[in-house]
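# Fold and geometry: a report
Single-letter residue listing:
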Amino acid sequence: MPEQPQNLTIAATGASGAVFARELLRVVDQDQRITTVNFIASDNALRVFAEELPVRGRNDLIARLLGAKSQKIQLQANSDIGANVASGSYPTDAMIILPCSMGTLARVANGLAGNLIERAADVCLKEKRPLVLCVRETPLNKIHIRNMYRAADAGATVYPLIPTFYNLPQSVEEMAQQFAYRVLAHLGLAQEKAYRWKQD
């Protein structure tokens, strides 16, 4: 992976937290170091988008999430198992799944690749590229915990969707932005607006 990734794959699955996916896309769209983003939304993610944002359907999805058209973010169909990110020869630098449902975690952790999100994640693991799974569920049962271990053991980073509060966020959007900043910093893309703890 380059010191600063330029080509990202971002996926959203059917867990609550659509605002976090939206704010991540807004941040990467504004980051001039990132040149290409392939975005995949599962059918269940689209249902959550409709309920939580609300943004309905796939038509012009990126523009409706961002509030404007993007020159760098491309929407990929989760059913298109032959898309660019399904191949190890395609130069993806890293992948983020946010939010990552427990079902998606289970399939990634156990090497199943029945759709593009799962295949792209599998490619990252086999090519030893960063894969960040922003899992969201509570409480966790033993199956969830075992699958998180399996995914981490295979090379993924399990990055639970837990916002910070010590920065006194004034809105859900601010919490989601700060979470996006931290995830990107984990990949080598530190963000200027990220809150940094200063000890008194």
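Please read all numbers here as calculations on a predicted model, not as lab measurements. (Residues numbered from 1 in each chain as written. Predicted model: local features only at pLDDT ≥ 70, side-chain atom pairs only at ≥ 80, totals over all residues. Heavy atoms only, no water.)

## A short note on unusual backbone geometry
For the bond from Leu-53 to Pro-54, the omega torsion is -15 degrees, close enough to zero to count as cis. Considering the arrangement of structural elements, one finds Pro-54 in the loop between helix H2 (43-52) and helix H3 (61-66). At the junction of Thr-138 and Pro-139, the peptide bond is cis and its omega measures out at -10 degrees in the coordinates. One can find Pro-139 in the loop between strand S5 (131-135) and helix H6 (142-154). Within the chain, Asp-60 stands out as a residue other than glycine whose phi angle is a positive 55 degrees. (Helix = DSSP H or I, 4+ residues; strand = E, 2+ residues; numbered from the N terminus.)

## Points about the sheet that holds strand S2 (residues 36-41)
Taken in spatial order, the 6 strands make up an open sheet running S3-S2-S1-S4-S5-S6, and their pairing is parallel. Lying at the two open borders of the sheet, with one neighbouring strand each, are strand S3 (73-76) and strand S6 (157-158). Sheet topology note: the S2/S3 ladder contains 4 bridges and is parallel. Looking across to S3, one finds that Ile-40 is bridged to Gln-76. Sitting on the sheet, helix H7 (residues 172-186) touches strand S1 (7-12), strand S4 (94-100), S5 and S6, and the angle it makes with S5 is about 155 degrees. (Pairing = 2+ DSSP bridges. Contact = heavy atoms within 4.5 Å. Axes fitted to C-alpha atoms, helices over the stretch in contact; angles between N-to-C directions.)

## So, the packing of aromatic side chains
Counted by the stated rule, this structure contains 4 aromatic pairs. Where Tyr-159 meets Phe-179, the ring centres are 5.6 Å apart and the plane angle is 85 degrees; that geometry is what we call edge-to-face. A residue pair is termed long-range when its members are at least 10 positions apart, and Tyr-159 in the loop between S6 and H7 and Phe-179 in helix H7 qualify at 20 residues. The class of Tyr-159 is buried, set by a relative accessible area of 16%. Ring centres 5.8 Å apart and planes at 45 degrees place the aromatic pair Tyr-166 and Tyr-195 in the tilted group. Pair noted here: Tyr-166 is in the loop between S6 and H7 and Tyr-195 is in the segment after H7, with a separation of 29 residues, a long-range link. These aromatic residues form a ring-pair network of at least three members: Phe-20, Tyr-159 and Phe-179. (Phe/Tyr/Trp six-rings, centres within 6.5 Å; stacked < 30°, edge-to-face > 60°. Buried < 20%, exposed > 50% of the residue type's maximum accessible area, 1.4 Å probe, protein only.)

## A closer look at the nonpolar core
In this structure, Val-28, Phe-39, Phe-49, Ile-96 and Leu-98 are the most contacted members of the largest nonpolar core, which totals 42 residues. Among the elements that take part in this core, helix H1 (residues 18-30) stands out by supplying 8 residues, more than any other. Filtering out sequence-adjacent residues up to four positions away, Ile-96 remains in contact with Thr-9, Ile-10, Ala-11, Leu-24, Val-132, Cys-134, Val-183, Leu-184 and Leu-187. The next biggest cluster of nonpolar side chains, apart from the first, holds 25 residues, and it includes Ala-109, Cys-124, Met-148 and Ala-151. (Core = buried A, V, L, I, M, F, W, Y, C linked by side-chain atoms within 4.5 Å.)

In short, the description is geometric, and any link to function would need to be established separately.
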